[in-house]
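Per-entry structural report
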Amino acid sequence: MPTKKLNIAVAGATGAVGNQMIACLEERSFPVNQIKFLASHRSAGRELKFNDQQIVVEELRENSFKGVDIAIFSAGGGTSKKFAPCAAADGCVVVDNSSAWRMDAEVPLVVPEVNPGAIARYTQKGIIANPNCSTIQMVVPLYAIHRKYKIKRIVVSTYQAVSGTGQKAIEELDNQTRAILADEKYASKVYPHQIAFNCLPHIDVFLENGYTKEEMKMVNETRKIMEDDTIQVTATTVRVPVFYSHSESINLETQEHVSAEEIKALLRETSGVQVVDNPSADIYPLATDAAGQDDILVGRIRDDESIPNGINLWVTADNIRKGAATNAVQIAEILAKDYL
Ligand code: A2P
């Protein structure tokens, strides 16, 4: 671990991901000198705990970043678009969890298990982007496979938890479920349809090509992180009534032939991945098991019998931890250790 203590800001500290970012900084004993918690004017004056200190939340402003070494943002795309350049202009390095900067050619998009070397390019804009949660949990196991067997095509369908939408969505699922079970009415506010007891094939906005923005994030971010534009990706992203952890059904086509047994052996050696795969004992990755831990769980590993070089996987991870906060804090750790 790095020894130099840094001044840190968490923008969006009162949100679902912001809260977990604070917990990760504590758990991983990040070398903090001073810490600042920033949010909207609605939360200014609230107090949040960091280790044994009570920290007063401040309103995020253009001048919030003077003297700050690293700012971790999770306060929405519009906020990042507006305030990340202000932070960078004050010499602060931004690790941004929103989609605002991910596809900017001058901004590295980083998953530490896959492309840690890309962090060096933070100097171009002073911003490093944290990928989309569904993409992070997919690329960690798939990059290990790609390096050895070259992936030609990925077909992925996601089963995404409501916590990915934020705190208000967690409350909507909770309240709506209780209301329906009590035979009461509960209007949907966060989602366009009832999320309790339902599956919504709609995450983020629809685009002209008929895909959603979330689906195209999985296509474009996978290629950028794996640094290979030849990989074909098609995604269907679905919101399901689960609080924490996204699950994904992934079908791969590889250039080199590889068996399910070889994939299991490879993934057992892959950092950040846990193979959970013993169907005869009903053991496979579950959202409830992934929640609260940083490992990406992979199971149901089997040959795709419909094509010569195909593999099927089921991948589950905590979307708030490895899908967001942990990945951002891992990036900050590398920055602290190797660059600042
Ligand atoms: P606040 O709690 O004051 O609204 P979530 O993803 O769980 O919805 O959380 C979003 C986070 O982003 C919250 O901390 C929220 O603060 C913060 N946020 C939202 N809009 C702004 C804004 N315009 N300026 C600063 N922080 C914002």
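Everything here concerns the structure above.
Okay, so let's go over this structure.

What counts, and where the lines are drawn
Residue numbers here run from 1 along each chain, matching the order of that chain's written sequence. Thresholds applied to this predicted model are a pLDDT of at least 70 for local features of residues and 80 or more for the giving and counting of side-chain atom pairs; totals over whole chains, interfaces and linings are not thresholded and use all residues. Calculated side-chain values reflect all of the structure's heavy atoms, with hydrogen atoms and water omitted. Two rings from Phe, Tyr or Trp (for Trp, the six-membered ring) form a pair when their centres sit within 6.5 Å of each other. Planes less than 30 degrees apart are called stacked, planes more than 60 degrees apart edge-to-face, and all others tilted. Strands are runs of DSSP state E lasting at least 2 residues, helices are runs of H or I lasting at least 4, and numbering of each runs from the N terminus. When a residue's accessible area, from a 1.4 Å probe over protein chains only, is under 20% of the maximum for its type it is buried; when over 50% it is exposed; and in between it is partly exposed. A ring has a charge above it when a Lys NZ or an Arg CZ is no more than 6 Å from the ring centre and no more than 35 degrees off the ring normal. Remark: nonpolar core denotes a set of buried residues (Ala, Val, Leu, Ile, Met, Phe, Trp, Tyr, Cys) joined through side-chain atoms within 4.5 Å. Whether two residues are in contact is decided by their heavy atoms, any of which lying within 4.5 Å being enough.

**Brief notes about the packing of aromatic side chains**
Aromatic ring pairs are reported here in terms of the distance separating the ring centres and the angle at which the planes meet. This structure, assessed with the given rule, holds 4 aromatic pairs. Between Phe 37 and Phe 50, the aromatic rings sit 6.4 Å apart at their centres with planes inclined by 80°, giving edge-to-face as the arrangement. Of this pair, Phe 37 sits in strand β2 (residues 32-39) while Phe 50 is found in strand β3 (residues 47-50), placing the two residues 13 residues apart along the sequence. Each ring, one from Tyr 122 and one from Tyr 339, has its centre 5.8 Å from the other, and the planes form 80°; the classification is edge-to-face. Of this pair, Tyr 122 sits in the loop between β7 (93-96) and β8 (127-129) while Tyr 339 is found in helix α8 (residues 321-339), placing the two residues 217 residues apart along the sequence. Residue classification places Tyr 122 among the buried positions, given a relative accessible area of 12%. On the basis of relative accessibility, which here comes to 31%, the residue Tyr 339 falls in the partly exposed class. Taking the ring centre of Trp 101 as reference, the NZ or CZ of Lys 81 above it sits at 4.4 Å.

**Details of the nonpolar core**
Across soluble globular proteins, nonpolar side chains show a tendency to be buried alongside one another. Core analysis: the biggest nonpolar cluster contains 55 residues, and Phe 65, Leu 142, Ile 145, Ile 154, Ile 250, Leu 252 and Leu 313 have the highest contact counts within it. In terms of residue count, helix α3 (residues 133-149) provides more of this core than any other element does, 9 residues in total. Residues within four places of Leu 142 in sequence aside, it is in contact with Ile 151, Ile 154, Met 226, Ile 250, Leu 252 and Leu 313. Judged by nonpolar contacts, the second largest core, of 46 residues, contains Val 10, Val 32, Val 93 and Ile 334.

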